[in-house]
Amino acid sequence: MLHGAPVSVSHLLPPGTLISGVYAIDALIGTGGMGAVYRAHDRAREREVALKIIHPNLASDAEIRRRFAREARLMRSLVHPNVVSVYDFIQDERFLAIVMENVEGPTLAQEIRRWNGQMPYAHIRTIMSAMLHAIAEAHRNGIVHRDIKPDNVLLRMDRKEPVPKVVDFGVAKILEGTVYTVTGAMLGTCRYMAPEQVESPDLLSYPADVYSLGVTLFEMITGRCPFEHDSHFALMMAHVRDQAPSPASYRADVPRGLCELIAQAMSKRPDQRPRDCSEFFDKLHAALAHVDAQPTEAVDTPSTLRDADGGELVLVPGGFFGMGQERRKVYVDPYYIDRLPVTNRQFAKFLDVTGYRPSHNDFFGHFADARPPEQLMQHPAVHVSWYDAYAYAQWAGKSLPSEAQWEKAARGTDGRKYPWGKIAPDATRANYGLMRRGTVRVGSHPAGASPYGVQDMAGNVWEWCLDGDSADFYAHGPSHNPCNHVTGKERRVVRGGAFLYDAHSVRTFSRSSFEPAVRSQAIGFRCIRRV
Ligand SMILES: Nc1ncnc2c1ncn2[C@@H]1O[C@H](COP(=O)(O)OP(=O)(O)OP(=O)(O)O)[C@@H](O)[C@H]1O
Ligand SMILES: [Mg+2]
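All values reported here derive from a predicted model rather than from experimental measurement.

Draft legend 1. Here's a closer look at the sheet that holds strand 13 (residues 335–338). In spatial order, the strands read 9-10-13-18; together these 4 strands make up an open sheet with antiparallel pairing. In this open sheet, the two strands that pair with only one neighbour each are strand 9 (304–306) and strand 18 (528–530). Strand-to-strand twist of the sheet, defined as the mean angle between neighbouring strand axes without regard to direction, takes the value 30°.

Draft legend 2. Fine view of the site of ligand 1. Residues in contact with ligand 1 amount to 24 residues; listed here are only the nearest, Gly30, Gly32, Gly33, Val37 and Ala50. Here the shell around ligand 1 is composed, by residue class, of 11 nonpolar, 9 polar and 4 charged. Residues lining the shell around ligand 1 come from more than one domain, with at least three contributed by each of domain 1 (9–101) and domain 2 (108–287).

Draft legend 3. View of helix 14 (residues 403–411). Within helix 14, 9 of the 9 residues are buried, which leaves it mostly tucked inside the rest of the structure. Every buried residue of helix 14 is accounted for by Glu403, Ala404, Gln405, Trp406, Glu407, Lys408, Ala409, Ala410 and Arg411. Phi for Gly412, located one or two positions after helix 14, is positive at around 65°.

Draft legend 4. Region of interest: unusual backbone geometry. With phi around 55°, Arg327 is a residue other than glycine that occupies positive phi space. Arg327 sits in the partly exposed class, given 13 other C-beta atoms within 10 Å. The residue Leu434 is not glycine, and still its phi comes out positive at about 55°. Mapped onto the secondary structure, Leu434 falls in the loop between helix 14 and strand 14 (462–468). For Leu434, a count of 12 C-beta atoms within 10 Å gives the class exposed.

Draft legend 5. How the structure looks around the nonpolar core. Judged by nonpolar contacts, the single largest core of 77 residues is most densely connected at Leu51, Met131, Ile135, Val166, Leu213 and Ala265. With 9 residues, the top contributor of residues to this core is helix 8 (residues 206–222). In terms of domain composition, this core takes at least three residues from each of domain 1 (9–101) and domain 2 (108–287).

Draft legend 6. Molecular detail of the packing of helix 4 (residues 121–140) against helix 11 (residues 277–287). Taken N-terminus to C-terminus, the directions of helix 4 and helix 11 make an angle of 165°; their axes are 9 Å apart at the nearest point. In this view, helix 4 runs roughly antiparallel relative to helix 11, as classed from their interaxial angle. Like other packed secondary-structure pairs, helix 4 and helix 11 cross with a definite hand, here left-handed. Residue-level inspection shows Arg125, Met128, Ser129, Leu132, Ile135, Ala136 and His139 of helix 4 in contact with helix 11, the latter providing Cys277, Ser278, Phe280, Phe281 and Leu284. Residue composition of the contact of helix 4 with helix 11, by class: 8 nonpolar, 3 polar and 1 charged.

Draft legend 7. Representation of the domain arrangement of the chain in the model. Domain boundaries in the chain define domain 1 (9–101), domain 2 (108–287) and domain 3 (304–530). Averaged C-alpha coordinates put domain 2 and domain 3 at centres separated by 39 Å. Listed by partner, the interface residues are 6 residues for domain 2 and 8 residues for domain 3. Per-class residue counts for the side of domain 2 that touches domain 3 are 2 nonpolar, 2 polar and 2 charged.

Draft legend 8. Local environment of the pairing of strand 11 (residues 319–323). The sheet contact formed by strand 11 and strand 12 (residues 328–332) spans 5 bridges and is antiparallel. From the neighbouring strand, Phe321 faces strand 12, where its bridge partner is Val330. Between the end of strand 11 and the start of strand 12, which pair antiparallel, lie 4 residues, with Gly324 showing a positive phi angle near 80°.

Draft legend 9. Summary view of the sheet that holds strand 17 (residues 523–524). Strand order in the open sheet formed by 4 strands is 16-15-14-17, with mixed pairing between adjacent strands. Lying at the two open borders of the sheet, with one neighbouring strand each, are strand 16 (511–514) and strand 17. Two elements, strand 15 (residues 492–495) and strand 16, share 4 bridges in a ladder whose sense is antiparallel. Across the sheet, Val493 pairs through a bridge with Ser513, a residue of strand 16.

Draft legend 10. Representation of the packing of helix 4 against helix 8 in the model. Packing of helix 4 against helix 8 brings their axes to within 11 Å, and their N-to-C directions diverge by 170°. By the criterion of interaxial angle, the relationship of helix 4 to helix 8 is roughly antiparallel. In contact with Ile124, Ile127, Met128, Met131, Ile135 and His139 of helix 4, helix 8 contributes Tyr206, Asp209, Leu213, Leu217, Met220 and Ile221. Of the residues belonging to the contact of helix 4 with helix 8, the class tally is 10 nonpolar, 1 polar and 1 charged.

Reading the values: rules and limits
- Residues numbered from 1 in each chain as written.
- Chains lettered and ligands numbered in written order.
- Predicted model: local features only at pLDDT ≥ 70, side-chain atom pairs only at ≥ 80, totals over all residues.
- Pairing = 2+ DSSP bridges.
- Helix = DSSP H or I, 4+ residues; strand = E, 2+ residues; numbered from the N terminus.
- Axes fitted to C-alpha atoms, helices over the stretch in contact; angles between N-to-C directions.
- Near = placed C-beta within 6 Å.
- Nonpolar A, V, L, I, M, F, W, Y, C, P; charged D, E, K, R; others polar.
- Domains from an automatic or database assignment.
- Buried ≥ 20, exposed ≤ 12 C-beta atoms within 10 Å, placed from the backbone.
- Core = buried A, V, L, I, M, F, W, Y, C linked by C-beta atoms within 7 Å.
- Parallel < 35°, antiparallel > 145°, perpendicular 65-115°, else oblique.
- Left-handed = near helix turned anticlockwise from the far one by under 90°.
- Contact = placed C-beta atoms within 7 Å.

If you want it as structure tokens, here you go:
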């Protein structure tokens, strides 16, 4: 929905208002660039409808009324299961309104926010395919949508699968070229706008929709738009002049074919984009051919997973374990955890692909020249602040472990003192107590593995956890999935000891903490993933 749109509260209609003698207003659904949308009851046909009532300022403009009549006829001609049906129009002296099918369910914009940049590819394919069917049908009928964006896709949650329905076909044309387009009415649209829509709206045709579909696909994959400036002008200029980033900069597992499809769909030149929606559809399906139809239906949870960032994850089953020296009873849900700490090689790839740079100058030790030396590639990534670790985890579609998750992965359920059991540490099980002058390759101490086969939990490097440091929370916090997730500058917990620290540091319940901006040669991290 738009902010700063030319709709003021004083224009909103109260429930019970009767429009055109048959439509009884029920409730406001939302407001947008052209007016407000209400749920209403159609007394003649005894059904729920949605009424888009054009803002009175616009409705009193003769040119707008003329265009409305013309576009309205076209909209009604479009009938498709993935298009919101337009039933009727109201054009009297007081109101200009579109009467349409009422779709109960979230918008695609809300659905994108819910997934926070990790929407499953099978879901993306389902929604995008339906949108392409809808737009293809419009194009066959000579209609250009002109305002494709996640706000204009409604998801009817029928059974398990959402049924996407595209709304507002051609509505943008009613305003185009009028002064209203620059008053805020089009702001929501600017993020999705093809370059030719900015430069020469008169030439605008089907390829402009293909461009907006490319931007929408980008956003479904990454949770953000390729261009995200605050002002109309900067956004428009970016579409005209700037090269769009690759979605792979924001998400680790984007199939190459999808990156290519988006780059092509967002070509500055209309004739270089996919020719039509069916070519777009074919390329989408080719790029996602390896994705299972129903990933969410999988009943088994495999005991290990291979990850997009090259790591291997181990399943830690849900259940109780004894946490801390006192072994207080704590329950955690099942999760996957990296078998090994994140390596310099993995971290270098993250820097490379995303262009991520830390926020202050105290730069990452051996990452100062962007690439660590070859002989350190399989060592744990160090000189990474908590923020850097957090950013990596997010990019990789994972998370930092909570302290409880870290500890359960290290000691299992029998309350052991070291990941491998009771035996005092030695050089075969862990790298600690300055027995070496620095880190060693990850996985160098298989004899020190935890009951789940997770390695390097003791020694080598401390590992950042999600939690802010609070001894009280650790000892007396909630007994179910405790996590003291903080967002400020509080110190963050590290676990597992390090090469620089003594044998006490490698006990499964030892803990320390540092300010989140600290970088050290003895602190690294690993990630977890939800089951
Ligand atoms: N047919 C419909 N059924 C149910 N909800 C709808 C329907 N049409 C629109 N809405 C909802 O009404 C709200 C306002 O829609 P509106 O189209 O005015 O704004 P917008 O899509 O945010 O911007 P724009 O004016 O650029 O289309 C949105 O939340 C939208 O999801
Ligand atoms: Mg809309």
